[in-house]
Structure formats: structure tokens, C-alpha cells
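Secondary and tertiary structure notes
Spelled out from the first residue to the last, the chains are:
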Amino acid sequence: MKNREKGHRQRLRDKFRNRGIDSLNDDEVLELLLTLGTPRRDCKEMSRSLLREFGSLPAIFESSAGDLETIPGIGPQNSFALHFIQAVSRRYLYQRLRGKQYLSSSREVADYLNHAMRHLKKEIFKVILLDTSLAIIETKTLFEGSLSKNTVYPRELVKLALDYHAAALVIAHNHPSGNQDPSPEDLKLTHHLYLACSMIDIALLDHLIIGRTDTPYSFADQGDMTEIKRKCQHLI
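This write-up is about the structure you can find in this document.

1. Concerning the pairing of strand β2 (residues 136-144)
In this sheet, β2 lies alongside strand β1 (residues 124-130) in antiparallel orientation, the contact comprising seven bridges. Of the residues in β2, the one forming a bridge with isoleucine 124 is glutamate 144. Linkage of β1 to β2, two consecutive antiparallel strands, is achieved through a turn of five residues, within which leucine 134 is found at a positive phi near 65°.

2. Structural notes on the packing of aromatic side chains
For the structure shown, the criterion picks out three aromatic pairs. Seen from their ring centres, phenylalanine 80 and phenylalanine 84 are 5.6 Å apart, and the 15° between their planes marks the pair as stacked. Placement of the pair is phenylalanine 80 and phenylalanine 84 together in helix α6 (residues 76-97), with a separation of four residues, close to one helical turn. Between tyrosine 94 and tyrosine 112, the aromatic rings sit 6.0 Å apart at their centres with planes inclined by 45°, giving tilted as the arrangement. Taken together, the residues span a long stretch of sequence, with tyrosine 94 in helix α6 and tyrosine 112 in helix α7 (residues 106-117) at a distance of 18 residues. Accessibility expressed as a relative area gives 19% for tyrosine 94, which makes it buried.

3. Observations concerning the nonpolar core
The biggest cluster of nonpolar side chains holds 23 residues, and the ones touching the most others in it are Val127, Leu169, Leu193 and Leu204. Secondary structure elements with two or more residues in this core: β1, α8 (154-163), β3 (168-174), α9 (184-198), β4 (203-210) and α10 (224-232). Among the elements that line this core, the one with the most residues is α9, at five residues. Of all hydrophobic cores here, the second largest spans 20 residues; its members include Leu93, Tyr112, Leu120 and Ile210.

4. Observations regarding unusual backbone geometry
With a phi close to 65°, leucine 134 is a non-glycine residue in the positive phi region. On the secondary structure map, leucine 134 appears in the loop between β1 and β2. You will see that aspartate 201, though not glycine, has its phi angle at about 60°, which is positive. Residue position: aspartate 201 is located in the loop between α9 and β4.

5. A few points about the side chain of serine 63
Take serine 63: it is sitting in the loop between α4 (57-62) and α5 (65-68). The contacts of serine 63, once residues within four sequence positions are left out, are Phe54, Leu68 and His83.

6. Quick word on α8
Restricting attention to buried positions, one finds in α8 the residues Leu157, Val158, Leu160 and Ala161. Seen from one end, α8 has its buried residues packed into an arc of 160°, which puts them on one side. Across α8 from its buried face, at more than 90 degrees, point the exposed residues Arg155, Lys159 and Leu162. Its buried side turned inward, α8 meets β1, β2, β3 and α9. Positive backbone phi, at 55°, marks histidine 165, one or two positions downstream of α8.

7. Comments concerning the pairing of β3
Taken across its seven residues, β3 has seven buried, putting it largely inside the fold. With burial as the criterion, each face of β3 is covered, one bearing Ala168, Val170, Ala172 and Asn174 and the other bearing Leu169, Ile171 and His173. Two strands pair when backbone bridges link them, and β1 and β3 are joined in this way by six bridges, in the antiparallel orientation. Within β3, the residue paired with leucine 130 across the bridge is alanine 168.

Each value, and the rule that gives it
Residues numbered from 1 in each chain as written. Predicted model: local features only at pLDDT ≥ 70, side-chain atom pairs only at ≥ 80, totals over all residues. Heavy atoms only, no water. Pairing = 2+ DSSP bridges. Helix = DSSP H or I, 4+ residues; strand = E, 2+ residues; numbered from the N terminus. Phe/Tyr/Trp six-rings, centres within 6.5 Å; stacked < 30°, edge-to-face > 60°. Buried < 20%, exposed > 50% of the residue type's maximum accessible area, 1.4 Å probe, protein only. Core = buried A, V, L, I, M, F, W, Y, C linked by side-chain atoms within 4.5 Å. Contact = heavy atoms within 4.5 Å. Arc of directions from axis to C-beta.

The structure is reproduced here in C-alpha cells:
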């Protein structure tokens, strides 16, 4: 590697050390990440090509190794480095949640769910399991695919809650379209699962929809859970 390139790379590292991640453009962030896979190679053009092709950092991180490696200069080591940093970030956000009180950790919950779900091309259904003090015990993916009350079975949700001795649950799923408005099927599913949980004295506190914004759609905040509870009262 030429001395000029070494100097450029060191300036980027110093910039991060002295001023933090916000001082770096997305292409500079990518450039530094790519040096983990190819430390002796100029990574500027590769980082710019990735952004031109995929459009954003999240889209790059969520792309398959095969898609990444269609970019000239990107090989298995580079795609490994990008996927590894994505996986480490997800584990960090996940482990940061455990043991925290759910109601006072809404920002951390949103960060984790956005990171794990926002840019996926298929729907996934996650469950956040809470103890009697509403501290987070665990988060689990229960289902992948198109969601409806006919594909997410109450018995599976109930079994998961009982296995972890959960007193309360929050459920979440993503809309790959980015639109966070609940569909009629989302409302039916939530009603169905709320009723099932209520039968065994487990509280379903909220249903979060992950879409294009940093703040998930919350059934509780929007009043949907209150309406579902009202409709279920005469059935419980």
C-alpha cells in the first residue's frame, strides 16, 4: 500500500478517535470497515461502489455475500467483515436489553428491533418476554413469513411464555414495505393473541410494527390495545 493511502487511512482513524462516528461520511465508515478484510488495499472506490449499488449502509449490511461480491474488488473476506460487524452490532443491542425494565427502555428496544428487522425482505414475528417486574427476560423469533391469525398460533406463543415463566409479553413484527400502519390482519392477530394470553393470566402489553421510521408503531401508544382489551372483556 502506498504511503499516501496509509496516510489517508490514518487520518480517517484519527478523525473517528477524536470526533466520533458522526464525523465520518458513510463511504468513510465503509472504507474503514473494508480494511478489516483487505488491510493492504485501497478501499475508497469499493466503498463508493457499494453505496452506489445498494443505496445505504443498512442495505449493504443486509445484503447477501453473493450480492456484495458482485462489486469489483469485494471478495469473501470483505463480505465476511461486513456481515461480522453487523452480527456483532445486533448481539450488542440484544444483550444490552436483557434485565432492563421494559417501560423505561423503549429507546433501546426500538434500536434493537429496528436493527434486527427494519431492512428484512420478509416478515418476522418476535416476542419480548417479561417477568413480573416487567424486566426483559429474553427476545425470541417465533415466526417468519406473511403474518395472519392463521399462521401465528396462540399455542406456540403461550408455550414460549410458559417455558420462560413470563408474566407479560410484547410482540413485534416488521413491514418490509416500510409502511407502519397496522393492517386489518394485524389487528385481528393482536386481538386473537391478546385473548389467548389473557386466558392464562399473561399480559400482552403491546404490539410493535417496525417500518421505515426510527420509532415503531405501538398499538399501546395509539390506543389499539385499549380497544382490543375492551372487546375481549366479555369473553374472558
